[in-house]
Amino acid sequence: MIEALLQALINGVIAGTILAVPALGFTAIFAVLNYPNFAIGALATVGAYAGWAGNTALGLPMVAALALAFAATAVAGLAVQWVAVKPLESAGALMMAIASLAAGLVLENALRFTFGNDLRGYDLPLLRDWRFGEFRVGPQQVQNFALALAAMALLWAFLRYSRTGRAMRAVADNRDLALLRGVDPVRVAAVTVAVGAGLAGMGGMLIGLDTSVDPLVGNRLILSIFAAAVLGGLGSIPGAVAGAIAIGVAEELAVLAFNPAYRLVVGFVVILAVLTLRPAGLFGARAS
Amino acid sequence: MVSYVVFLLVVAGIYALLAQSLCLAWGVTGLVNLGLAGFFAIGAYASATLTKWGGAPVPVGLLAAMLAGAVAGFVVCVSTLRLRDDYLAIVTLGFAEAVRVVASNEIWLTGGTDGISGIPAGLPRDWGQGFHLAALGIVTAILGLVWFALRRLVASPWGRALRAVREDQIVAAVAGKRVTRLKAEAFAIAAAIAALAGALYGHYTSYIAPEIFQPLITIYVFLAVTAGGNGRPTGAAIGAYLLIAFLEATRFAAEILPGVSAVQAAALREASVGVVLILLLRLRPRGLFPERNQKAPA
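Residues numbered from 1 in each chain as written. Chains lettered and ligands numbered in written order. Predicted model: local features only at pLDDT ≥ 70, side-chain atom pairs only at ≥ 80, totals over all residues.

### Considerations on the overall build of chain B
In step 1: Along the backbone of chain B there are twelve helices and two strands.
In step 2: Reading chain B from its N end, one meets helices and strands in the order α-α-α-α-α-β-α-α-α-α-β-α-α-α.
In step 3: For chain B, whose C-alpha radius of gyration is 19 Å, the value lies close to the compact-globule estimate of 19 Å for 298 residues.
In step 4: Overall size of chain B, expressed as C-alpha extent along the three principal axes, is 55 × 50 × 35 Å.
In step 5: The buried share of chain B, reckoned over its 298 residues, is 50%.
In step 6: Considering only contacts in chain B between residues 6 or more positions apart, those separated by 24 or more positions represent 77%. (Helix = DSSP H or I, 4+ residues; strand = E, 2+ residues; numbered from the N terminus. Rg over C-alpha atoms; globule rule 2.2 N^0.38 Å. Buried ≥ 20, exposed ≤ 12 C-beta atoms within 10 Å, placed from the backbone. Contact = placed C-beta atoms within 7 Å.)

Have a look at this one:
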């Protein structure tokens, strides 16, 4: 029993770390552009297909395929932003959210039109799980975990040290003050959408590596992404990471305790509980 | 051909009911309900289980569905009403997914993914064409009732207060309106209307299953309400009939496209729904029947 719990904990931390990548993308867009981007699931799917195409058709190694997933999804995210969302800026956050949902539907079906509904698998060597006493971890799992950590480290360095990254944090923190200091809001918004969507795409590819790729692979993640972001506090970067790891662990424990299908419901229950008890989440400042 | 048109008109009436629900929540009160498909499902299951396994008459099932929808609506919205509006959007989106998962797995109650078949209609199905015409009459009459009631509600002081909440919560609160309570009432009533639509759907088609209640339904209704005009019950209802006409037109258009597989045709149809919604939001966000300014009472 204890072993099963610890195994669930290990799996949960790994899954949560991977989930943190798209959750960071969602929360970053919310922090800077001030609306929830509901295309995030479809964007993750775009990344999963881009990485898969890079890996199987072009024979790219994983790191290069991940970079391709980032780039392709950044472009798709900018297209969603510019074509569907931006014209509705004056109509408010809700209209932008609805437009992003519609744009996500278009992206998902563009992929379905091109690739069909079949499951696609990455070209991966079959490897035996590593065993540590009672516990087992797949080498692929560990690789994905490491890639997710590397992506987050890069994001952290970008936000901490680059001029653009600092400008993004400034806009998220206090938009008016940032504009007063001469930050270009259009540029910051574009970079945020590109990076946020790119992260979603990397997340989608990492999940696709673990399972398989189909037009709904990103949409299946969307509740977990929302739950991670809300638990951490919408718009909080460290919160998204902490929230994602907590959701990853909670989902694995739920699989242990209930019917595995109820994994999906964990996110919804967490969102309801957090909003009832502590709407600002773990690290968030603003909710109302 | 006649039976095809009658069937479409019944389905359009059910979508028009969903559009009434979204008109009240979103158009009038400014509460986005992205979980419309979930409330639709709750109503369908509540009425189907009660009438099929509980032996209750269909009208009792319809009332129970509305009650279940209102309770679910209240539970879903209550935690977010004091927060920014986009939290409600996130919660409702999650709600619809959660409903589908529960419906797929609580087999003792919902029949799981097999669904529930043989749902009683309250009318003999062996009337053939007569059954469909009678169903059309009933659904259209119920839609008419809901439309009339909603028009009265929207024009009443309560409806004015809802629009005040939509435009500016702080001003409404300063004017002494109980903002949280008004929002909860509007959302719960809207959820009850969506549940009623679900119950009617189940009784008419005699079969429900989790796969029927796709999130796509919610987007369809957003499209209908945006096309017709989201602030007016009349606009929302007409938008729903236009939606069904549009969906059928894309079905025929996709069939005559050369060299397109069935999956591709389905993908094109779904994508076209998204494209039209984006275009409408951008070009004609107030719809065919824009909200009219109401004169202040003397």
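### Comments concerning the UniProt feature "transmembrane region" (unreviewed entry) in chain B
Residues and elements named next belong to chain B.
In step 1: Feature annotation in UniProt assigns "transmembrane region" (unreviewed entry) to the following positions: residues 31-48, 60-81, 130-150, 186-206 and 212-229.
In step 2: Along residues 60-81, the helical share is 86% and the strand share 0%, with 31 Å between the first and last C-alpha atoms.
In step 3: Between the end C-alpha atoms of residues 130-150 the distance is 30 Å, and the span holds 100% helix and 0% strand. (UniProt positions renumbered as here; feature names shortened; annotations may be inferred.)

### Points about the interface of chain A and chain B
Interface size is often expressed as the accessible area that is lost when the parts come together.
In step 1: Listed per partner, the contact involves 40 residues of chain A and 35 residues of chain B.
In step 2: Where the side of chain A that touches chain B is concerned, the elements lending two or more residues are helix H4 (93-115), helix H9 (222-232) and helix H11 (263-277) of chain A.
In step 3: Per-element tally for the side of chain A that touches chain B: the top contributor is H4(A), with 15 residues.
In step 4: For the side of chain A that touches chain B, a count of residues per class yields 32 nonpolar, seven polar and one charged. (Nonpolar A, V, L, I, M, F, W, Y, C, P; charged D, E, K, R; others polar.)

### A look at the UniProt feature "transmembrane region" (unreviewed entry) in chain A
All names here are of chain A.
In step 1: Look at the UniProt record and you will see "transmembrane region" (unreviewed entry) annotated at residues 12-32, 38-58, 65-85, 91-111, 142-159, 188-209, 221-249 and 261-285.
In step 2: Annotation note: span residues 38-58, helix share 81%, strand share 0%, distance between end C-alpha atoms 30 Å.
In step 3: For residues 221-249, the helix share is 83%, the strand share is 0%, and the end-to-end C-alpha distance is 15 Å.

### Some details on the nonpolar core
Residues and elements named next belong to chain B.
In step 1: Ala19 and Ala195 are the most contacted members of the largest nonpolar core, which has 206 residues in total.
In step 2: Top contributing element to this core by residue count: helix H9 (residues 179-205), with 17 residues.
In step 3: The residues touching Ala195, leaving out its near neighbours within four places in the chain, are Phe39, Ile42, Gly43, Ala46, Ala65, Met66, Ala68 and Gly69. (Core = buried A, V, L, I, M, F, W, Y, C linked by C-beta atoms within 7 Å.)

### Quick notes on the environment of A:Val193
Residues and elements named next belong to chain A.
In step 1: For Val193, the position within the fold is in helix H8 (residues 185-210).
In step 2: Of the residues examined, Val193 has 26 C-beta atoms within 10 Å and is grouped as buried.
In step 3: Along the chain, Val193 and Ala229 lie 36 residues apart, while their C-alpha atoms are 16 Å from each other.

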